[in-house]
Structures are given as structure tokens and as C-alpha cells.
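For reference, the chains in residue letters:
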Amino acid sequence: MSATATDFKPLSGSEVLSDRQSAEHAGLANAIRALAMDAVEGAKSGHPGMPMGMADVATVLFGRYLKFDAGAPEWADRDRFVLSAGHGSMLLYGLLYLTGYPGMTVAELRRFRQLGSRTPGHPEYGHTVGVETTTGPLGQGLANAVGMALAERLLAARYGAEAVDHYTYVLAGDGCLMEGISHEAISLAGHLGLSKLIVLFDDNRITIDGPTDLSVSDDQVARFKACGWNAVRVDGHDPEAVAGAIEAARAGERPTLIACRTTIAYGAPTKAGTAASHGAPLGANEIAGTRARLGWTAAPFEVPEEILARWRAMGARGAKARAAWQRRVAGLPAERRAEFRRIQDGKLPADWLAAVAGLKAKLIAEAPTVATRVASQRCLDVLAEAIPELVGGSADLTGSNNTRAKSQEPVERGSFAGRYIHYGVREHAMAAAMNGLALHGGIVPYGGTFLAFADYCRPSIRLAALMGLRVVFVMTHDSIGLGEDGPTHQPVEHLASLRAIPNLAVMRPGDAVETLECWAAALARREGPTVLALSRQNLPALRRAAGEENLCARGGYVLAEAAGERRATLLASGSEVQLAMQARAMLAAEGIATAVVSLPCWELFERQTAAYRRRVLGPARGARVAVEAGIAMGWERYLGPKGGFVGMTGFGASAPAPDLFAHFAIAPDTIVAAVRKRV
């Protein structure tokens, strides 16, 4: 136990259970079951079985152990509760209502799964107060929780247990543990020894198709132990067994799995323990039978006053601990206290843009010819010094992604003062853990891999966009320009695929200055994630003029205007901007006045005014040719009736980069020919 644990004392068994209180526990748990049955029946869709099966476990956790204050849902030092098995959302919504979270009313429970309700089919972060992360894609919540638990350790190392001292609890199901991401996540957590991470596994042995033995025979306890966890099995309907396991987990030095053997749809007369209760309403007759078996006589959506009062008391019990925490934070040294409060608000340091401006001036003066991945590392050297909450990492590609700043020390088991995470070859868990770091608060995470491996990260990237998280995915080796590693590693469809995700800013800078501007835009962007697509090969300096404005933050801008009335516009991103500039010079020699537009980020460009976009793109009837070493998909929106595209139409090949660009005719001559056809 930590020094601050006395502020929130778990209830002991003698305080909770007697003959009378055993019946009291049943009443508390049955309230969850009844609300779940009623809401799913009202919606005519949903998953009643899991909430009914895990009601006993949830009652023990929320009633005795979880440190929270329903009246202050954003309390930074609250315990985190992650419902990884998001299909059982009525468990969480029921708990939020019972404990008194703002906005969660009976009316919202009645509107379960309806348009505009605070009770959507799966929990959504930012939509419902008290939801720590968006879950539903199985395994994601578990991996997010690894990031949250890691964030707690990182911040505790920096600010002390006086300010940061809490647990992360996860409710996961069979499906969460079948998904491949679970192995990556639990392996990382075990390696780092995240002892304040506790997973409550709903071991009901039922999936949609039927019993789990149709498809899996893993020994989950042995599996977790092999990954460095403590792991135990308990009867999930025995409150004292569950409590004892949680007590032991809290006192342990490793993360813990508690496999809670439960009966899905506990209490249902004919559907308990069957797949019929997993993803469909129980039906009126089954609900009536369940009420009779549980002794629950209250009307639908009604909770007896004495039971609701007990739940509300649980929801208020953390207020005293929160007040003590506020006093401790107020007692921190002034500078540390101010920084802690700033990072909790998600604000970057006041002087970080001055550091950006200083580096920008140097880059313009030096005009370096470097790969944008190398330029990115130079940016990180400055940004990591200026922004202490910036935490980086890579999926075993640190030297290739150039993601570790000079000032960053590695995070290690038992030593969490560092700011660089070696994720190992675990791209999916890395991306999901970064989401967890961001969700926890107080950290701005970034992590790297190759752009071709973005597909391993895609579900997590999509959820980051859905949740609006400030997470930076550094994706290097962004085209056939990576050369000899060949088509398995050469991304051709990935830019288009990632650009299709709403609220994801895909940024592909063309030189060192643009790389810095893209980093600045990504860090300033609090409403969603960013992918930085960076080159392996060296690129010449294109931006030579000084200027304070972040042009890349506009998504696109005129890099070089036509010498005279514009007859053609070349649009390009990343490494192909230099080719467009060479083609512009060749066209000028032929008397074709041509502008070059650098378009590093479509998402940001689309947010500019229509007038600005028209001014950048030039006359709609003029010739427009886009150049990118990827597929054409999406570029048509900018090309107009006389548009053309120079790029890839299929997979790449293994060869040196210059040979590949020549082989696939992504070259100035090809660009010039495409313009000639259209003027």
C-alpha cells in the first residue's frame, strides 16, 4: 500500500457481510441486473447476459475498492474503470446511474441505444460522463488500460504519490482475451510490472456462437502467469472470494488477472449460462421468471429507495479522499504544482512555440538536405526539452523511426522516470496504449513504426479519431522511396486508407521546415490524432523564406506561384514536392506558367475557408496535376475537369529508390507531359 492509500480505505469483510448484509449485497447486485434486463428489453436489442453475470463482481469493486467521486467525474487521481467488454454497456450505465454520476438518469436508461441518448450501444468517451474510453472492438479497452496504468506510474514518478496514486481496473470478457491485441498488451504490462493494473475476467465461457470450447481451449490463468502476471481463479458470485482476490492484487508487485467464474445472465430461468442471453433481449416471460427467482419486485426501471440510497452513498464515499488529495496537491512546491495543474488541463507550456520558432529559423538558414524522419528527430530534440509531458516510443524501430530525443531516458520496470517507451514488436498494443496514455491525461504520447505497418495500428488509430485524442503516430518509410525492402514494406494504398478516417490528420511533409510545422500543428491539435508520414530518403530544402506563420497548419499552401497568369497547378505531398518543383521549372522554360502547391494535410486543408482553398488550387478550368508516390484515390476532389495524376497504380518492387521512381515514371518528365496534355 502507498503512503496515501489511507485517504481511501477499502471496506473490510466484517464491515460488509453479515447474514443481513449478504442479502443487502444481493439487493445491490440485483439492481444492476434488473436495469440491464429492462433497458435491453426496451431497446429490443443489446447484451443483457454479461451485466447480469458480472453484477456481483461490480458490486464488490464499486462498493469496497474503487476510488471515485461520482460528483467529480474528472478527478485526476480517481481509479480508472475500463469496460473492455463494451457490449455489456448496461453494466456501466447502470453503475453510473446508481452511484449518481451527472446526467445519467432513469430517462437515459430508458433511451438505451436510441438516437441522441447518453446510453449508446457501446460506451463512448466524451459522450457519456464516467466513460473512460470508447470500447466495443474487443481487446481495445484492455490495451487502453495498459496505457492508463503506465501513465499513472510515469506521472507518479514525476510528481510523487501525493499527487498520483491510483489503480486501473479492467472488466474483460472471453472475446477480449481471444483478440490478438490482448497478448501484445498483457506481455507489455507484465514486462513493465504494472502492479496497479487489475483485470477482472468475466469467465462465463460463452460467446455469440455458443460455448467457448467451440473455438478456444486456452488456460488464461497460465497464459497471464507466463507473461509475468499474478493470476487467480475465483467464484464470481462469491463476494468474499472476489474481495479477497482484489485485496491480494492490490498488495502484489505484478499486474493481476482475476478470472471470475460466472454464469452469463445469472438468475434467468432458462437462458442463464447460454448464448441466447449474450446478444439479445431476454423476452418478457424470461424477465418475469428472472424477477421471481431473484426476488426483485420493483417495477421496470425502478430501484427500491433503500438500495438506491446505499448505491448513492458509495458514489459519494470518495469525496473525502478527493478533498485530501486537493490539499496535498495544494501543498506541492509552487512550480511543480503549476505544472501538474497545467498538464491536467491539457495545455502545453507557454514557451513551446518559441522553441519551435527558434528551430525554424535555424532550418531555414541551414537549408538541410535530410530525410524527413531525420528532420523529425531534430524536431523532437527541441520539443522534448520544451514539453515535459511529451512521451515517445517505437515498436522496435527506434533507429529507423528516429523517435527518441536526446533528452529522453527509457522507461523500465521499476524505473518510470523516463519518457521513452520501448514497445517491442507490438504495433497494435503500442497504438492502443498510446490512446490510454492520452485518455489518462497529463501525457502527450507519440510512437513510431513503418507506414506499411499502419494496418496493424488501424483499429486503434480509428478509435483515437473517434474519441478525439491528441496522439501522434509517427509512420516512417512512407513510399517506394524506402527502396530495397520491397513491396511488403512499401506503402502505396496507406495514405488513401488513412485519409479516409474522419478526424484523422494525415500529414506528409516535404522537407525539414515542413516537418517542424507538421509537428507543431499535430501538438497544437487537441481535437484528434495525427499520422506523420515521413521519408526514409533524403529530401532537399524547399522552404527558404522566413516567416512566422505555420503554413502546414493550413493543410496546403502555394509553395511557388506561377510566373505570370497561372495556367497549371501541380499538387504534391512529401517527397514528390521536389519533383513538382523541378517540373515547374521545365514548364516555365516552355512558357507554361505553373504554380506548385504543397498539400501535406487534406484534413486541415478542408477546414480552411472556401475562398482560401480556391486561391491555393487556382482556376478550376486550369490544368491540375497531382503527384504522389501512392495510389490516386482521393486526389480527384482537387483536380477538376482537366486533372491528371502521376503516381502508383499497383504495388512497388525491390530496388534502390532512384531506380523505382524511374521505373514507375514518377518523375519531372512525366509530370510535364501530363500538364502538356491539359493546357
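None of the values given here were measured: they were computed from a predicted structure.

Analysis parameters
- Numbering of residues starts from 1 in every chain and runs along the sequence as written.
- Per-residue local features of the predicted model are confined to residues with pLDDT of at least 70, and side-chain atom pairs are confined, for both listing and counting, to 80 or more; whole-chain, interface and lining totals are unaffected and use all residues.
- As a rule here, side-chain values cover all heavy atoms of the structure and leave hydrogens and water aside.
- A residue's pLDDT is simply how confident the predictor is in it, with values from 0 to 100.
- Here, two residues are considered to be in contact whenever any of their heavy atoms come within 4.5 Å of each other.
- A pair of strands is considered paired only if DSSP assigns at least 2 bridges between the two.
- A run of H or I in DSSP counts as a helix once it spans at least four residues, and a run of E counts as a strand once it spans at least two, with each numbered from the N terminus.
- Lines are fitted to the C-alpha atoms to define the axes, a helix being fitted only along its stretch in contact, and any angle between axes, read from their N-to-C directions, falls within 0 to 180 degrees.
- Side-chain rings of Phe, Tyr and Trp (the six-membered ring for Trp) are treated as a pair once their centres are within 6.5 Å; stacked means planes under 30 degrees apart, edge-to-face means over 60, and tilted covers the remaining angles.
- Relative accessibility decides the category of a residue: with a 1.4 Å probe and only protein chains considered, values under 20% of the type maximum give buried, values over 50% give exposed, and everything between is partly exposed.
- The criterion is that NZ of a Lys, or CZ of an Arg, lies within 6 Å of the ring centre and within 35 degrees of the ring normal, and then a charge sits over that ring.
- We define a salt bridge as a contact between a side-chain nitrogen of Lys or Arg and a carboxyl oxygen of Asp or Glu at a distance within 4 Å.
- Under the convention used throughout, the expected extent of a helix is 1.5 Å for every residue step, that is, one less than its residue count.
- By definition in this entry, angles of less than 35 degrees are roughly parallel, angles greater than 145 are roughly antiparallel, angles of 65 to 115 are roughly perpendicular, and the rest are oblique.
- For a crossing to be left-handed, the near helix must be turned anticlockwise from the far one by less than a right angle; the clockwise case is right-handed.
- Residues are grouped as follows: Ala, Val, Leu, Ile, Met, Phe, Trp, Tyr, Cys and Pro are nonpolar; Asp, Glu, Lys and Arg are charged; every other residue, Gly included, is polar.

J.: Quick one: what's the story with the confidence of the model for the protein, residue by residue and with numbers?
T.: Confidence in the prediction of the protein, expressed as mean pLDDT, is 96, and 97% of residues score 70 or more. Residue range residues 1-6 is modelled with pLDDT below 50. Its contacts to residues more than four positions away, or to other chains, number eight contacts. Across residues 11-21 the pLDDT falls below 50, and counting only partners more than four positions away or on other chains, this stretch makes 15 contacts in the model.

J.: Describe the sheet that holds strand S6 (residues 230-235), with residues and values.
T.: Across the sheet, which stays open at both edges, the five strands sit in the order S1-S2-S3-S7-S6 with parallel pairing between neighbours. Among the strands making up the open sheet, the edge pair consists of strand S1 (80-83) and S6. Pairwise comparison of adjacent strand axes, ignoring direction, gives a mean angle of 20° for this sheet. Sheet topology places S1 next to strand S2 (residues 168-173); four bridges connect them, and they run parallel. Residue pairing in the sheet places valine 82 in a bridge with valine 170 of S2.

J.: Which residues make up the packing of aromatic side chains, and what values go with them?
T.: What the rule picks out here adds up to 17 aromatic pairs. Judged by centre distance (6.2 Å) and plane angle (70°), the rings of tyrosine 93 and phenylalanine 112 are edge-to-face. Of this pair, tyrosine 93 sits in helix H5 (residues 89-99) while phenylalanine 112 sits in the loop between helix H6 (106-110) and helix H7 (140-159), placing them 19 residues apart in sequence. Of the two residues examined, tyrosine 93 and phenylalanine 112, each falls in the buried class. Pairing tyrosine 446 with tryptophan 519 gives two aromatic rings, centres 5.5 Å apart and planes at 85°, and the pair type is edge-to-face. Separated by 73 residues along the polypeptide, tyrosine 446 in strand S11 (residues 444-450) and tryptophan 519 in helix H22 (residues 512-524) bring together distant segments of the chain. For the residue pair tyrosine 446 and tryptophan 519, the accessibility class agrees, reading buried in each case. Among the aromatic residues, those joined into a cluster by ring pairs are Trp602, Phe605, Tyr612, Trp635 and Tyr638. When the ring centre of tyrosine 167 is taken as reference, the NZ or CZ atom of lysine 196 above it lies at 4.9 Å. Taking NZ or CZ as reference, arginine 554 lies 4.3 Å from the ring centre of tyrosine 612, over its face.

J.: Could you give an account of the pattern of salt bridges, naming the residues involved and the relevant values?
T.: Under the counting rule described, the total for this entry stands at 30 salt bridges. Between arginine 111 and glutamate 108 there is a salt bridge; the shortest N-O distance is 3.4 Å. Residues participating in the shared-partner salt-bridge network are Asp478, Arg499, Arg508, Glu576 and Glu628.

J.: So, helix H9 (residues 180-192): which residues are in play, and what are the values?
T.: Taking 1.5 Å per residue as the helical rise, H9 with its 13 residues ought to reach 18 Å, and the 19 Å between its terminal C-alpha atoms agrees with that figure. Three or more residues of H9 are buried, namely Ile181, Ser182, Ala185, Ile186, Ser187, Leu188, Ala189, Gly190 and Leu192. Downstream of H9 by a residue or two, glycine 193 has a phi angle that is positive, lying close to 65°.

J.: Please set out the side chain of aspartate 38 residue by residue, giving values where relevant.
T.: The residue aspartate 38 is located in helix H2 (residues 19-43) in this model. Take aspartate 38: its relative accessible area is 6%, and that puts it in the buried class. Setting aside anything within four residues of it in sequence, one finds aspartate 38 in contact with Ile287, Arg291, Pro300 and Phe301.

J.: A description of the packing of helix H16 (residues 352-366) against helix H17 (residues 372-386) should follow, citing residues and the corresponding values.
T.: A pair of packed helices is characterised by two quantities: the angle between their axes and the separation of those axes. Taken N-terminus to C-terminus, the directions of H16 and H17 make an angle of 160°; their axes are 9 Å apart at the nearest point. Between H16 and H17, the crossing angle belongs to the class labelled roughly antiparallel. Viewed along their axes, H16 and H17 form a crossing whose handedness is right-handed. Two secondary-structure elements touch here, H16 through Trp352, Ala355, Val356, Leu359, Lys362, Leu363 and Glu366 and H17 through Arg378, Cys379, Val382, Leu383 and Ala386. Of the residues contributing to the contact of H16 with H17, the split by class is nine nonpolar, no polar and three charged.

J.: Describe the sheet that holds S11, and please don't skip the residues or the numbers.
T.: On the basis of which strands lie adjacent, the open sheet formed by six strands has the order S10-S9-S11-S12-S14-S13 and parallel pairing. The open sheet is flanked by strand S10 (420-422) and strand S13 (505-507), the only strands paired with a single partner. On average, each strand axis in the sheet is tilted by 20° relative to the strand beside it, whichever way the strands run. As judged from the three bridges shared by strand S9 (residues 390-394) and S11, these two strands associate in the parallel manner. Looking at the pairing, leucine 390 lines up with valine 444 of S11. Where helix H19 (residues 427-440) meets the sheet, it contacts S9, S10, S11 and strand S12 (472-476), and its direction lies at approximately 165° from that of S11. Docked against the sheet, helix H20 (residues 454-467) engages S11 and S12, running at close to 155° with respect to S12.

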